[in-house]
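Coordinates in review
Each chain, letter by letter, is given below.
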Amino acid sequence: MLLQPTDYGKLQEEIKKLKEEKNAVILAHYYQRPEVQDIADFVGDSLDLARKATQVDADIILFCGVHFMGETAKILNPEKKVLLPEPKAGCAMADMATKEAVLRLKEKYPNAWVVSYVNTTAEVKTVSDVCCTSANAVRIIEKVPAEEIIFVPDKGLAYHVSKRVRDKKIIPFEGFCPDHYLFTVDMLETLKGKYPDAPVGVHPETPPEVQDRADFVGSTSQLLRWATSDDLKADRVIVITEIGLKYTLQKRRPDREYIFPTPDEGVGYLLCSQMKSITLEKVYETLKGEKNEITLPEEVMEKAYTPIRRMLDWSS
Ligand code: SF4
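This structure is a prediction, so every number in the text was calculated from the model and none was measured.

**Focus: the overall build of the chain**
Within the chain, the regular secondary structure consists of 15 helices and 12 strands. For 316 residues, the compact-globule estimate of 2.2 N^0.38 gives 20 Å, and the chain sits close to it at 19 Å. Summarising its shape, the C-alpha atoms of the chain cover approximately 55 × 55 × 30 Å along the three principal directions. Within the chain, counting contacts between residues at least 6 apart in sequence, those at least 24 apart form 64% of the total. As presented, the chain carries roughly 13800 Å² of accessible surface, and 47% of it is formed by carbon and sulfur atoms. The centroid of the 43 positive side-chain charges in the chain is displaced by 2 Å from the centroid of its 50 negative side-chain charges.

**A closer look at the domain arrangement of the chain**
On domain assignment, one finds that the chain holds domain 1 (5-89 + 275-295), domain 2 (93-177 + 301-315) and domain 3 (185-265). Taken over C-alpha atoms, the centre of domain 1 sits 26 Å from the centre of domain 2. Across the boundary between the two partners, domain 1 contributes 13 residues, which contact 18 residues of domain 2. Regarding the contact of domain 1 and domain 2, the summed buried area is about 1200 Å², with carbon and sulfur atoms giving 77% of it. Of all residues in domain 1, L47, F68 and I75 bury the most surface against domain 2, accounting for 48% of the area lost on that side. Where domain 1 packs against domain 2, one counts zero salt bridges. There are two residue pairs in polar contact (both at pLDDT 80 or more) connecting domain 1 and domain 2. Broken down by secondary-structure element, the contributors of at least two residues to the side of domain 1 that touches domain 2 are α3 (46-55) and α4 (67-76). Partitioning the side of domain 1 that touches domain 2 into residue classes produces six nonpolar, three polar and four charged.

The rules behind the values
Residues numbered from 1 in each chain as written. Predicted model: local features only at pLDDT ≥ 70, side-chain atom pairs only at ≥ 80, totals over all residues. Heavy atoms only, no water. Helix = DSSP H or I, 4+ residues; strand = E, 2+ residues; numbered from the N terminus. Rg over C-alpha atoms; globule rule 2.2 N^0.38 Å. Contact = heavy atoms within 4.5 Å. Areas by Shrake-Rupley, 256 points an atom, 1.4 Å probe, with all protein chains shown as cover. Lys, Arg positive; Asp, Glu negative; His and termini not counted. Charge placed at Lys NZ, Arg CZ, Asp CG, Glu CD. Domains from an automatic or database assignment. Buried area = accessible area lost by both parts, 1.4 Å probe. Salt bridge = Lys/Arg side-chain N within 4 Å of Asp/Glu carboxyl O. Polar contact = N/O pair within 3.5 Å; in protein donor to acceptor, adjacent residues only side chain to side chain. Nonpolar A, V, L, I, M, F, W, Y, C, P; charged D, E, K, R; others polar.

Shown next as structure tokens:
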């Protein structure tokens, strides 16, 4: 059944009651649907959510995001129940990197450290030295005590980092986000032509040639800060990332206009169908039945913990 907007209030109330009854917290990524963000205890990007997962005092974490995010929350909270409203919500970029492929690269570059974007499976994290997110990638790479870095899996973020950390050799894995990486220079030019006064902020998962034409390149939380800041003298800004961020931008600073890629603007949506597969109804059903629990083999949990913990320690 598809919910109509008028149903949301009632269902949101039911979810809030369940949260109290079960001592549960809801964490949601900025790319979630607005009505899902609205019932979350905390909304953030991957780094915010990983940090928050270490601080929550609850028996259940219901994670409104894709699979690798739920895994990360579970690895940081082995004693808690971590539930995913849609167990099939995966990340195509994370699935591009396998543990075997990373080990092959390690054989080729034995002195390199493996730095994994959190957008990787727990299996890949078991053979990684440290994790990073798009918000802390530069800081983490600067701290790595090695000159060569195998960067897994996002080649867009690898490009962003290699432009800022000049004294290290970045060996990129050939992965990418099918949503961000398919945004082209032509699409950007269409938006710039329509809004020549608007500064452009892009996510580092976009292709290098798009990043090179932007006024600002930053993670979701960095884009949020940049696009709403008083320092930016603009009535409207072009923001190239997943459309879900628009909701938070509008809430945080409603007096500014945010131009996202949409068919109305003459370009296709930049929309992650996996993130959007989580609905309020699924949140309710999952919490009610305590369904779709994330489980991982103990050995994987233990080995994947080290690079995630190291990232949190290095970025605090
Ligand atoms: S937007 Fe891209 S990187 Fe993010 S979850 Fe979706 S597929 Fe993965």
